[in-house]
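# A look at the structure
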Amino acid sequence: KSFRKSKNAPPGPMPLPFIGNLVYIARQDPVNYKAMQKISKKYGEVVSLKIGSMKNVLVSTCEAARDLYSRPDCLNRPINGAFWERMLCQNIGMAFSYDEAWSSIRKFTSKSLRDYGFGNRNSMQKLIKQELLELVKYVETKVDSSPGGVLYFDRFFQASFLNLMSSMITGERQPYEDKELQKLLKASQKWFDAPPLGSLTVMAFPWTRFVCPKFLGYEQQIQALREMENYTRGMLEKRRKQNTFLEKPTCFADSFLKMAHDTAEDPASIFTDDQFAVLCTDLIQGGSDTTSNLMSFAILLLMVHQEVQEKVVNEIEEVIGFERLPESSDRDSMIYTQAVILELQRHARLTVVMPPRQATEDFYYKDNLIKKGTTILVNLHSCFMDPDVWNDPERFNPERFLDDERQLINSEKISIAFGAGRRICFGEPMAKESSFLYLVTLLQKFLFRIPPNHPSPDLEPAVALILAPKPFYAEVVRRK
Ligand code: HEM
């Protein structure tokens, strides 16, 4: 039965005292985003959901998500539970900080990273290509040393994307097998693999983190955070010891240290060691788990859909050939490949329940009154897998992004994958550049197929805060 707290409030299921709709959500489906889709189907594109004392609106269309995320009074994220711990209980870092602290650090990071290969297409491309050459060498070695060239893809690309981030932060990359790097990868995975319903419970009832931290995955998240922050602190320490940041800053960490030095007398300086640790954890996590999962989805889906893989390879042959590496400028001539990447983004629904926002004023969305303090939860599964919007949504079909003249269409329908407004994904340009260059280089160098005598892999993603394919095997053949 539909319930409205007041005449203009969005409709939703009747909340129970104290727990709100938590049990109702869990009873719809064990997978949080599928449960949310079912609720949206019942109540509409904007639904009131109460989780404990936390007021939420659940959003299920791209249009509503874009409108709400673009509002200046929905810029902040709700902060409690693990998010606050993530910020070391201070208003620092980029992904969860708020108000002036958020805009100052985002501005500084954006301006400073531009000097080190981020934001400018040419320098970004140079950085990505250096890393890609290492990745290709690594895959070749693995193929040559594995029986039948069969490789196990379990977060296979994470180390490579993490290196991309580290190169920007410290100017250095690590070999993929490096012990410290592997430790960092495991820590990052631990954070994202925490049960999503557990995270939601901690957000709704912050005290539960003291009662059953293990069961809710909270202990796992905090442990993971501390490990990641130790790593990023180590990055800063290393640059500090180098002691060249004043005369000759050569990386983001140097620029940060220089600012810390220049503002040392200011007690309100934002350039603290804690700030660096949290900010770089945000950059490393935001930049590596998302893009690397997208690449794993790419290999999985193109291995299953050989006809799509072949079409991309044909386009590579036409536009680039097999002698030189791809350039960013090739993208404009590779319309089919662009359609494949759009379809990958849709199908993957990476940040499936998007990083939430919070209303800082009362306002109306259409006829719905959204009250100050309400958390906005966008379900990308509803946006990208709705059969009323997408024909046969489960099917991987890049053609849905092409018209009869083979021109791109519908790309605006999935732009919400990166969020919207002033707080849109910080790494969107890097993500777009790298997904094109990685996909094309990998398909230029290798053929991916289901290994002989292996069953067709499971395409249902593993449930986590960022969706990833379940680990799978692929036969990888070097192209001559
Ligand atoms: C396919 C790849 C990616 C996807 C799908 C993705 C998606 C998102 C989404 C949905 C948000 C929330 C935006 C909002 O609230 O409007 C976000 C935020 C963020 N992303 Fe990404 N992202 C990707 C790649 C990257 C990369 C490569 C980086 C690193 C350079 C990055 C760093 C961040 C950061 C730091 C934030 C927080 C921004 C803020 O709160 O100001 N992301 N991302």
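Below: a short report on this structure. (Residues numbered from 1 in each chain as written. Predicted model: local features only at pLDDT ≥ 70, side-chain atom pairs only at ≥ 80, totals over all residues. Heavy atoms only, no water.)

## What about the overall build of the protein?
When helices and strands are counted, the protein shows 17 helices and 11 strands. For a compact globule of 480 residues, the expected C-alpha radius of gyration is about 23 Å, and the protein comes in at 23 Å, within 12% of that figure. Here the contacts in the protein between residues at least 6 apart in sequence split such that 73% fall between residues at least 24 apart. As displayed, the protein offers around 20,700 Å² of accessible surface, 53% of which is attributable to carbon and sulfur atoms. Side-chain charges of the protein comprise 62 positive and 59 negative groups, with the mean position of each set lying 5 Å from the other. (Helix = DSSP H or I, 4+ residues; strand = E, 2+ residues; numbered from the N terminus. Rg over C-alpha atoms; globule rule 2.2 N^0.38 Å. Contact = heavy atoms within 4.5 Å. Areas by Shrake-Rupley, 256 points an atom, 1.4 Å probe, with all protein chains shown as cover. Lys, Arg positive; Asp, Glu negative; His and termini not counted. Charge placed at Lys NZ, Arg CZ, Asp CG, Glu CD.)

## Focus on the sheet that holds strand 5 (residues 150-153)
What the three strands build is an open sheet, ordered 5-11-10; its pairing is antiparallel. A single partner strand is all that each edge strand has here, and the edge strands are strand 5 and strand 10 (446-449). Averaged over all adjacent pairs, the angle separating strand axes in this sheet is 40°, with direction ignored. Where strand 5 and strand 11 (residues 472-478) come together, four bridges link them in antiparallel fashion. (Pairing = 2+ DSSP bridges. Axes fitted to C-alpha atoms, helices over the stretch in contact; angles between N-to-C directions.)

## Topic: the coordination of the iron atom of the ligand
Among all protein atoms, only Cys-425 (SG) binds the iron atom of the ligand, sitting 2.3 Å from it. Within the fold, Cys-425 resides in the loop between helix 16 (380-384) and helix 17 (428-445). (Donors = N, O, S within 2.8 Å, 3.2 Å for Na, K, Ca; no water.)

## Examining the pairing of strand 3 (residues 46-51)
Judged from the six bridges that link them, strand 3 and strand 4 (residues 54-59) form a sheet pairing that is antiparallel. Looking at strand 4, one finds that Ile-51 is bridged to Met-54.

## What about the site of the ligand?
Residues in close proximity to the ligand total 28 residues, the closest being Trp-102, Arg-106, Arg-357, Arg-423 and Cys-425. The contact in question runs from an oxygen atom of the ligand to an N or O atom on the side chain of Arg-106, over 2.8 Å. The element best represented in the shell around the ligand is helix 13 (residues 273-304), accounting for five residues. Residues belonging to the shell around the ligand are distributed by class as follows: 17 nonpolar, seven polar and four charged. (Near = heavy atom within 4 Å. Polar contact = N/O pair within 3.5 Å; in protein donor to acceptor, adjacent residues only side chain to side chain. Nonpolar A, V, L, I, M, F, W, Y, C, P; charged D, E, K, R; others polar.)

## Topic: the sheet that holds strand 4
Overall, mixed pairing links the four strands, which are arranged 3-4-9-6 in an open sheet. The outermost strands of the open sheet, each flanked by one partner alone, are strand 3 and strand 6 (357-358).

## A few points about helix 2 (residues 32-43)
With 12 residues, helix 2 extends 17 Å between its outermost C-alpha atoms, agreeing within 8% with the 16 Å of an ideal straight helix rising 1.5 Å per residue. Along helix 2, the positions that sit buried rather than exposed are Asn-32, Tyr-33, Ala-35, Met-36, Gln-37, Ile-39, Ser-40 and Tyr-43. Phi turns positive one or two residues past the end of helix 2, at Gly-44, with a value near 120°. (Expected span 1.5 Å × (residues − 1). Buried < 20%, exposed > 50% of the residue type's maximum accessible area, 1.4 Å probe, protein only.)

## Considerations on the pairing of strand 10
Across a regular strand the side chains alternate sides, sitting on one face of the sheet and then on the other. The alternating pattern of strand 10 places Phe-446 and Phe-448 on a buried face and Leu-447 and Arg-449 on a face that is not buried. Sheet topology places strand 10 next to strand 11; four bridges connect them, and they run antiparallel. Residue pairing across strands places Leu-447 opposite Val-477, the latter belonging to strand 11.

## Details of the pattern of salt bridges
Taken as a whole and assessed by the stated rule, the structure comprises 33 salt bridges. Glu-172 serves as the salt-bridge partner of Lys-238, at 2.9 Å between the closest nitrogen and oxygen. Of the two residues, Lys-238 sits in helix 11 (residues 218-242) while Glu-172 sits in the loop between helix 7 (158-170) and helix 8 (179-192), which places them 66 residues apart along the sequence. Note on Glu-172: relative accessible area 29%, which makes it partly exposed. Residue Glu-399 is joined to Arg-406 by a salt bridge in which the shortest nitrogen-to-oxygen separation is 3.0 Å. Among the charged side chains, a salt-bridge network with shared partners connects Glu-131, Glu-134, Lys-137 and Arg-173. (Salt bridge = Lys/Arg side-chain N within 4 Å of Asp/Glu carboxyl O.)

## Digging into the environment of Val-308
As for its position among the elements, Val-308 is in helix 14 (residues 306-319). Sequence-wise, Val-308 and Lys-7 are 301 residues apart; in three dimensions their C-alpha atoms are separated by 50 Å.

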